[in-house]
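Structural overview for review
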Amino acid sequence: MSDFDEDDAFEAASRPSLSARAMPARPAPYLDALNPAQREAVEALEGPVLMLAGAGTGKTRALTARIAHLLHTGAARPDGILAVTFTNKAAREMKERVAALLGQPVEGMPWLGTFHAICAKLLRRHAELAGLKPNFTILDTDDQLRLLKQLIAAGNIDEKRWPARLLAGIIDQWKNRAWTPERVPVAEAQAFNGRGIELYAAYQARLRTLNAVDFGDLILQMVTIFQSHDDVLGQYQRRFRYILVDEYQDTNVAQYLWLRLLAAGHRNICCVGDDDQSIYGWRGAEVGNILRFEKDFPGAKVVRLEQNYRSTPHILAAASALIAANRDRLGKTLWTEESEGEKVRLIGHWDGDEEARWLGEEIEALQRGTRGLDPFSLDDIAILVRASHQMRAFEDRFLTIGLPYRVIGGPRFYERLEIRDAMAYFRLAVSPDDDLAFERIVNTPRRGLGDKALATIRAAAREAGVPMLEGARIAAENGRIKGRGAAGLRALIAGLDRWHARQRAGVDHIELAETILEESGYTEMWLQDKSPEAPGRLENLKELVKALEGFENLQGFLEHVSLIMDNETGTDEERVTLMTLHAAKGLEYPAVFLPGWEDGLFPSQRSMDENGPRGLEEERRLAYVGITRARQLCTISFAANRRVYGQWQSQLPSRFIDELPEEHVDVLTPPGLYGGGYGAGGTRMEQEAARADSHASPGWRRMQARAYERPRQTAPVIDLDAVEIFAPGDRVFHRKFGYGAVTQAEDDKLEVAFDKAGVKKVIARFVVAAARADDVPF
DNA sequence: GCTAGGTTAATTTTT
DNA sequence: TTAACCTAGC
C-alpha cells in the first residue's frame, strides 16, 4: 500500500488554478526579507542555478521566495512549476510557506511534491507505457518482502542463507541506479548467489501481473518512459518551464536522470542542497550529483548561501573546522552576525551509564538555568545519537529520574502492525482482488488457516486464474479446506463480500471501518491479548478510525495514508527529544547533546569498513549535521568504556573530536573524569600524571597512551586493532572467552574454538593474537 | 497451530 | 544485551 501523499495531484486538477496574470505587478515584499545571496538565487530565474545552502542559511526561505517570485512576476503559472522534495513534510512546509509569502492559499500547484508522489501521478497517466493499469497499487516494504520470499522459495533458494531482505536491498540499489533487469551490468551477475538478476526480472514480471509497483519503480518507470517516448518527454519538458529541487545532494541516479531529462530543453533548473549534509549515500544518494552540477549544466550559476542564522560563532567554527577535513566538497564558509556565545562543550565519562546519568543531570540543570544561561525548556533540548540503540541508555535513565522525553523516528504510525492489518481489511473492502492484503489478514485474527490452507487457496486461485479471494471461495466450496479452517474461511469470505458490497453502496466509511474491525474479530483479538502493547494498539486503531473523518471515502483515505504518518501524539507537556542524527537533518534546537563520540561507534566502524574513506567522509558530514543543529549550546560527550552487544569494551574518543579546534571547545572535566587527551591544559606530563593519579589501573593507562599515539590528523581509516588478520590455526585471546584457536576466518568474521567456552563466532576485532593477550585492557 | 525456549546477529531510513 | 526469528514439542 502506498505510504505517501498522492492527493494534491488529483485535487489540484479540478481546482481553478491561480493565474499568474491575475497578479498585479506590485512590489514584492518577500524579496525584502532576503540577504544579497538569497536574493541573487531567487532572482536568477532563467538558466541552471545551484543554490549551495549551508546549514541554517535560510534555504527554505530562498526556495519558497523563488517560487513566489516565479508566480508574482508572471514568469510561470502555478502548474508550470515542478518543485520536488524528498519528504511529504518538506512538500507540505513549502506549500504553506509559499502561501504565506503570497498572502493567499496556493492552489493549483499540482507539481509541488515528493519525487515519488509526482512520479506516481505521472505514471498513472502513462501507466500503459509500463504495462500497468492506471489504478496500480504501490507496494511498501512489507508487501515487497512477502513477494520476494515467494520468488526465492520458487527458485529453490535457501531463504536462510539468502534472505529476502538482502534481495530487496540489492534490487532497490539497482533501481536507484536506474537499472532495469536488462540493464543491470554483468559485473553484478554474482549478486545474490548468482541469481539476483534472474530474480529481479521475475519480481518485475510478478509486479506487472499484480498491477503493482514498488517505490523504486515509480522513478525508474518514469525514467524509462521518458527515455523511450520522446513525445511524452517533450510534453512535460514544455509543461515544466521551471524546475526546483530541494535537498539535491540526496538524489540518486534515477532521480538525477529524471530531472536531467525534464530540464534538457529549457534548462531552467534550480537545485538547492548542501554537499556537506549528504548523509544518505547508503541508500543510493550520490553526492556526485551535486558536485558535478556545473559540468552537467554548463554555464550554471552557483550561489552560495553562507550567512548562518542559527548558531553561535563557536558552534559554527567548530563545525566548519570539522567538515574541512573532508576532501570531496565544494566548500563553503559559514559566517554569522551573532555575538559570542558558549563554546562547544566536550566531556568524557567513565562509561555509558555515567554518560547517561550526567546528561540527565545536565538537562535538569539547563532547565533550571545555570551558568548565566537562561533556563531552557525541555522542548528546546535534543539528544542526537548515531544509532537508535544508543537511545535506550538515555530512556532508561530518564525513566528513573522522571525526565519526560519523546523519541522521534522508530516505526511510524502507518507502519505499525495493527494499522497495517486494519488497512489490509480496508483495502480488501475497496478492491477484493488485492492479493497481498488478502494474504496479510487471511489468518489474522487466527482462523485456523495455516501454511497448508494458504497453499491450497493459492493453488486454487492459480488454477482458475482468479484473485486469491476467489480462489478461497472455490477452495471453501469444494471442500478442499477442511476442519476448523473451513468455517473461519467461509466467515471471512462472507464478511469481505458484505463489506465490499457496503462500500460500493456508499455506506458511511467510518461506520464501515468500525464494522469491519468489529465483524472481522480484529478488535476482539486485541481485546483478548494480554500483552502490554495491546492497549496501545487498540488506541492506535481508534486513532485510525478517527483519521478517517477527514475523508470522503475509504479510497480517498487509502490514497492519503501519508497524512496521518507524522501525527504527533499531542501532549502539551515539555519533553526532551531523542533521535538519530539522520532524523535530525533539517531541524534545530537551542541545546543539542551529541553523546557517544567514540571511534567505532561514531564514526561507525561498519561504515568505514564497508565504504572506506568515502564512508568516513559521510560519517564526518553526519557529525557536521549534528553540531550545526545547535543554536546556542552544543555538548559532545564520549565514554571510555561501553557495553557493546553485552560485552564491555574500552573505547577511544572519536577521531572527530581531534578535529575540533581547541579555541572553540570548552573541555568540561569534573574531577575524576577523563578529558580525552584533548585541550585539557597543562603539559602533557602533568596531564598524564594527573590522570594516572585518579585512575591507576594499567589498562586505563594503556588506553591513555594509545589515545596519544593516535595520529592527530586522521588519515588512516582503520583502527590499528582492527587490522589484525587471522587464519585458521592461529591462537587468539578473547576478553570474555579466553584462549582459543581459529577454525575458520572470513574477512573479519572468525570462528574460534575456545579452550573453555567452546566454538563461537566472533568478530576479529574482539580478539587479539594470544601472544598479545597482555595488551587487552582490563 | 501455537508456544516456549534456543539460536543468531547486531547502523543510518524515506518513499 | 536483546530482540527477532526459528524449531521442536505439545
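This is a predicted model, so every value here is computed, not measured. Note that residues are indexed from 1 along each chain, following the sequence as it is written. Note on labels: chains are lettered from A, ligands numbered from 1, in written order. Where local features are concerned, this predicted model is filtered to residues with pLDDT of at least 70; where side-chain atom pairs are given and counted, the filter is 80 or more; whole-chain, interface and lining totals use all residues. Heavy atoms throughout the structure, all of them, feed into the side-chain values; hydrogens and water do not.

What follows is about the overall build of chain A. Counting secondary structure elements, chain A contains 32 helices and 21 strands. Going through the 778 residues of chain A one by one, you find that 55% of them count as buried. Put simply, of all contacts in chain A between residues at least 6 apart along the chain, 74% involve residues at least 24 apart. Note on areas: Shrake-Rupley with a 1.4 Å probe; residue coverage comes only from the protein chains shown. Of the roughly 34200 Å² that chain A leaves accessible, carbon and sulfur atoms contribute 50%. By the criteria applied, helices consist of DSSP H or I runs no shorter than four residues and strands consist of E runs no shorter than two, each listed in order from the N terminus. A 1.4 Å probe rolled over the protein chains alone gives each residue an accessible area, and that area as a share of the maximum for its type sets the label: buried under 20%, exposed over 50%, partly exposed in between. Only heavy atoms matter for contacts: two residues are in contact if any of them lie within 4.5 Å across the pair.

This part takes up the protein's contact with DNA strand C. Throughout, the term near means that a residue has one or more heavy atoms lying within 4 Å of the molecule or strand in question. By nearness alone, every residue bordering DNA strand C is listed as Lys-160, Arg-392, Tyr-645 and Gly-646. In the interface set of DNA strand C, defined as its atoms within 4 Å of the protein, sugar plus phosphate atoms amount to 50%. Within the side chain of Arg-392, one N or O atom sits 2.2 Å away from a phosphate oxygen of DNA strand C. Residues adjacent in sequence count toward polar contacts only when both atoms are side-chain atoms; beyond that, a polar contact is any pair of N or O atoms within 3.5 Å, and within protein one must be able to donate a hydrogen and the other to accept it.

Attention shifts here to a negative patch on the surface. Put simply, a patch holds well-exposed residues, over 30% relative accessible area, that have no salt bridge, with like charges counted together within 9 Å and Val, Leu, Ile, Met, Phe, Trp or Tyr side chains within 5 Å. Each reported salt bridge corresponds to a side-chain nitrogen of Lys or Arg within 4 Å of a carboxyl oxygen of Asp or Glu. His residues and chain termini do not enter the charge count, which takes Lys and Arg as positive and Asp and Glu as negative. Each charge is placed at NZ for Lys, CZ for Arg, CG for Asp and CD for Glu. Taken together, Asp-508, Glu-511, Glu-514, Glu-518 and Glu-524 make up a surface patch of like negative charges. Ranked by residues supplied to the negative patch, first place goes to helix α23 (residues 509-519) with three residues. For Glu-511, a relative accessible area of 45% corresponds to the partly exposed category.

In this scheme Phe, Tyr and Trp rings, the latter by its six-membered ring, pair at centre separations within 6.5 Å, and the angle between planes marks the pair as stacked below 30 degrees, edge-to-face above 60, and tilted otherwise. One pass over the full model with this rule turns up 20 aromatic pairs. Aromatic pair Phe-86 and Phe-115: ring centres 5.1 Å apart, planes at 55 degrees, arrangement tilted. One end of the pair, Phe-86, is in the loop between β2 (81-85) and α5 (88-102); the other, Phe-115, is in helix α6 (residues 115-125), with 29 residues separating them in the sequence. For Phe-86, a relative accessible area of 23% translates into the label partly exposed. Phe-115 sits in the buried class, given a relative accessible area of 1%. Look at NZ for Lys and CZ for Arg. If either is within 6 Å of the ring centre and within 35 degrees of the ring normal, a charge sits over the ring. A cation sits over an aromatic face here: Arg-61 above Tyr-309, 5.8 Å from the ring centre. Geometry around Trp-282 places Arg-283 over its ring, the cationic atom sitting 5.9 Å from the centre.

Within the largest apolar cluster, 71 residues are counted, with the highest numbers of intra-cluster contacts made by Phe-226 and Trp-258. Residue contributions to this core peak at eight residues, all from helix α12 (residues 253-263). The contact partners of Phe-226, leaving out residues within four places of it in the chain, are Leu-122, Val-232, Leu-233, Tyr-236, Trp-258, Leu-261 and Leu-262. The term nonpolar core refers to a set of buried residues drawn from Ala, Val, Leu, Ile, Met, Phe, Trp, Tyr and Cys, joined through side-chain atoms within 4.5 Å. Formed by 49 residues, the second largest nonpolar core is a distinct cluster that contains Ile-419, Ala-422, Ala-453 and Ala-476.

A word on the pattern of salt bridges. Tallied over the full model, the rule gives 38 salt bridges. Where Glu-43 meets Arg-39, a salt bridge forms, and the shortest distance between an N and an O atom there is 3.6 Å. One end of the pair, Glu-43, and the other, Arg-39, are both in helix α3 (residues 36-43), four residues apart, so they sit about a helical turn from each other. Across the salt bridge formed by Asp-274 and Lys-332, the nearest N and O atoms sit 2.7 Å from each other. Within this pair, whereas Asp-274 is found in the loop between β7 (269-273) and α13 (287-291), its partner Lys-332 is found in the loop between α15 (313-323) and β9 (344-351), the two being separated by 58 residues in sequence. Both residues of the pair, Asp-274 and Lys-332, count as buried. One salt-bridge network, in which partners are shared between bridges, spans Lys-59, Asp-246, Glu-247, Asp-250 and Lys-585.

The subject of this paragraph is the sheet that holds strand β6 (residues 242-245). In space, the six strands of this open sheet follow the order β3-β2-β6-β7-β1-β8, with parallel pairing throughout. Edge positions in the sheet fall to β3 (112-114) and β8 (301-305), since each of these pairs with one other strand and no more. When the angles between neighbouring strand axes are averaged without regard to direction, this sheet yields 15 degrees. Pairing between strands is defined by DSSP: at least two bridges between the two strands are required. Sheet analysis places β6 next to β7, joined by three bridges and oriented parallel. Its bridge partner being in β7, Leu-244 is matched across the sheet by Cys-270. Here, axes are lines fitted to C-alpha atoms. For helices the fit covers the stretch in contact, and angles between N-to-C directions go from 0 to 180 degrees.

Attention now moves to the environment of Asp-276. In this fold, Asp-276 is placed in the loop between β7 and α13. Taking the C-alpha atoms as reference points, Asp-276 and Val-287, 11 residues apart in sequence, are found 9.0 Å from one another. Those residues in contact with Asp-276, other than ones at most four positions away along the chain, are Ile-323, Arg-329, Lys-332, Arg-621 and Tyr-624. A polar side-chain atom of Asp-276 sits 2.8 Å from a polar atom in the side chain of Arg-329. A distance of 2.9 Å separates the side chain of Asp-276 from the side chain of Lys-332, its partner in a polar contact.

A word on the confidence of the model for chain A. Counting all residues, the mean pLDDT for chain A is 82, and 82% of those residues have values of 70 or more. Scored below 50 in pLDDT, residues 679-723 makes 62 contacts in the model with residues more than four places away or belonging to other chains. Confidence of the predictor at the level of single residues is captured by pLDDT, which takes values from 0 to 100. Throughout residues 774-778 the model reports pLDDT below 50, and contacts reaching past four residues in sequence, or to other chains, amount to 17 contacts.

Glancing now at the pairing of strand β10 (residues 381-385). Within β10, five of the five residues are buried, leaving the element largely enclosed by the surrounding structure. Where β10 meets strand β13 (residues 589-594), three bridges bridge the pair, whose relative direction is parallel. Following the sheet pairing, Ile-383 is matched in β13 by Phe-593. As judged from the four bridges shared by β10 and strand β12 (residues 576-580), these two strands associate in the parallel manner. Bridge pairing in β12 links Leu-384 to Met-579.

Pairs of packed helices are described in terms of their axes, by the angle between the two and the distance that separates them. Helix α21 (residues 468-477) packs onto helix α20 (residues 451-464) with a crossing angle of 105 degrees between their chain directions and a minimal axis gap of 7 Å. One element, α20, and the other, α21, form an angle in the roughly perpendicular class. For the pair α20 and α21, the contacting residues are Leu-454, Ile-457, Arg-458, Ala-460, Ala-461 and Ala-464 in the first and Met-468, Gly-471, Ala-472, Ile-474 and Ala-475 in the second. Amino acids are sorted into nonpolar (Ala, Val, Leu, Ile, Met, Phe, Trp, Tyr, Cys and Pro), charged (Asp, Glu, Lys and Arg) and polar (every other residue, Gly among them). Taken together, the residues of the contact of α20 with α21 sort by class into nine nonpolar, one polar and one charged. Small angles under 35 degrees read as roughly parallel and large ones over 145 as roughly antiparallel, with 65 to 115 read as roughly perpendicular and the rest as oblique.

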